[in-house]
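Below are the chains, spelled out letter by letter.
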Amino acid sequence: MSRMPQLTRPKILENLEKRWREKIVYTLIGDIVTSVNPFCRPIDSEGPELTRKYLADNVKLNTPSELPPHIYTLVAKALLRMQQNDCSQSILISGESGAGKTEATKLVIAHLGDIVRKAAASGKAAASRVGIAERVKESSPIMEPIGNARTVRNDNSSRFGKHIDVQFDTGGRSIIGARTNVYLLEKPRVCEHDKGERNYHIFYMLMTGAPEEVRRSCRLQGTWESYSIMKRADGTTQAVVQTWDDAAEWANMLEALDKLGLQQDESMKLFRLVACVLHVGNLSIVEDAAGATSAARVQNLEQLQIAAELMQIAPADKLARAICYQTKYFPGEKEPIATELNEKKAKVARDSLCRHLYQLTFDWCVERVNKALAGPSVSVAHCVGILDIF
């Protein structure tokens, strides 16, 4: 479109609409690739033949490409620039919720893997570490359940941003590792979601997709409606998602955890951490009617005991005190001063603990995935960075 006589907003939109009506997904504007309704047909409908068309050998940097616009063009050019200019490259993927950013990220990673694999097969490059690009893709069934949720616009909306560094050796010919950096996880969703939406997928997967022995180990009982952070008080939670099968995604996550080398006990620790959030969220905070002040207390002591045991806190009263008291340290004082909280402030403390626990769980997953994908740091020369920003 950069060669259009008039590059104005109305003309750009008119051209995009014409191409959209002809089901042409991709359009080039200089080095920018726009994608309009990428789900109107299978993105990889041409399979390996499409991949071969957009190998680095068929893409030119400084002259217009004879190939139709595609996200693969962007990938091939980034790789060529890294190899020719001896410097790292970045690919920014942006758009509205539900526009296909996460799927576009998967295509970028897959095509990087295809290019270097084809180069190694032809003898033009050394072989990459076994299946790094594939292993990056395999991390999606782990990251999506804990970082994605159903919103009014998208059944599988990423509620965090991520930057993936695909790491290359000197010369940029072989992939030797990868690392994901995440930011801006939507923590408020842990305790409250909007009408017609739901909390993070992992909670519903744990309640409806996990086998009985896992739920028993996590001390979970009843249905998803038994846990307050999974539902809205007005009953407008959209717990069943048409394009996301909790049971099937649970199986996919277990397979991905196994492929990335997580032991069964590590996986169970993950599930128990998620269960901790559910149990803490279920703590009922009330005003202590027997006291002389409006101090708060935890009403359901059995639920408190379960949460404390899963968090390895003993006695359970320590957890209740952390929620219902504010502890302050003053200069010159040897001991902290504990002040009773009222019901409203104690509920805020409980919800803050839920959000913090979930953030720690999310961060642990990211680091564990990075450990499985890490390349030898002394050999990393350059990276192709992929920024998926929601």
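Whatever comes next refers back to the structure up there.
Residues numbered from 1 in each chain as written. Predicted model: local features only at pLDDT ≥ 70, side-chain atom pairs only at ≥ 80, totals over all residues. Heavy atoms only, no water.

**Quick look at the overall build of the chain**
Consideration 1: The secondary structure content of the chain amounts to 13 helices and 12 strands.
Consideration 2: Along the first, second and third principal axes, the C-alpha set of the chain runs to 80 × 50 × 50 Å.
Consideration 3: Buried positions account for 45% of the 390 residues belonging to the chain.
Consideration 4: Taking the intrachain contacts of the chain between residues at least 6 apart in sequence as the baseline, contacts between residues at least 24 apart amount to 65%.
Consideration 5: Only carbon and sulfur atoms are counted for the fraction: they give 51% of the accessible area of the chain, which is about 20,200 Å². (Helix = DSSP H or I, 4+ residues; strand = E, 2+ residues; numbered from the N terminus. Buried < 20%, exposed > 50% of the residue type's maximum accessible area, 1.4 Å probe, protein only. Contact = heavy atoms within 4.5 Å. Areas by Shrake-Rupley, 256 points an atom, 1.4 Å probe, with all protein chains shown as cover.)

**Considerations on helix α3 (residues 71–85)**
Consideration 1: Its 15 residues place the ends of α3 21 Å apart at the C-alpha level, agreeing with the 21 Å of an ideal helix rising 1.5 Å per residue.
Consideration 2: The element α3 is extensively covered by neighbouring structure, given that 11 of its 15 residues are classed as buried.
Consideration 3: Ile71, Tyr72, Thr73, Val75, Ala76, Lys77, Ala78, Leu79, Leu80, Met82 and Gln83 are the residues of α3 that are buried.
Consideration 4: Looking one or two residues beyond α3, the residue adopting positive phi is Asp86, at roughly 55°. (Expected span 1.5 Å × (residues − 1).)

**With respect to the sheet that holds strand β7 (residues 175–183)**
Consideration 1: Ordered in space as β3-β12-β6-β7, the four strands form an open sheet in which the pairing is mixed. The strands lining the two open edges of the sheet, one partner per strand, are β3 (89–93) and β7. Pairs of neighbouring strands in the sheet enclose a mean axial angle of 15°, with direction left out of account.
Consideration 2: Bridge count between β3 and strand β12 (residues 382–388): five bridges; the pairing is parallel. Bridge pairing in β12 links Leu92 to Leu387.
Consideration 3: Of the strands in this sheet, β3, β6 (161–168), β7 and β12 are in contact with helix α4 (residues 101–121), which crosses β12 at around 160°. (Pairing = 2+ DSSP bridges. Axes fitted to C-alpha atoms, helices over the stretch in contact; angles between N-to-C directions.)

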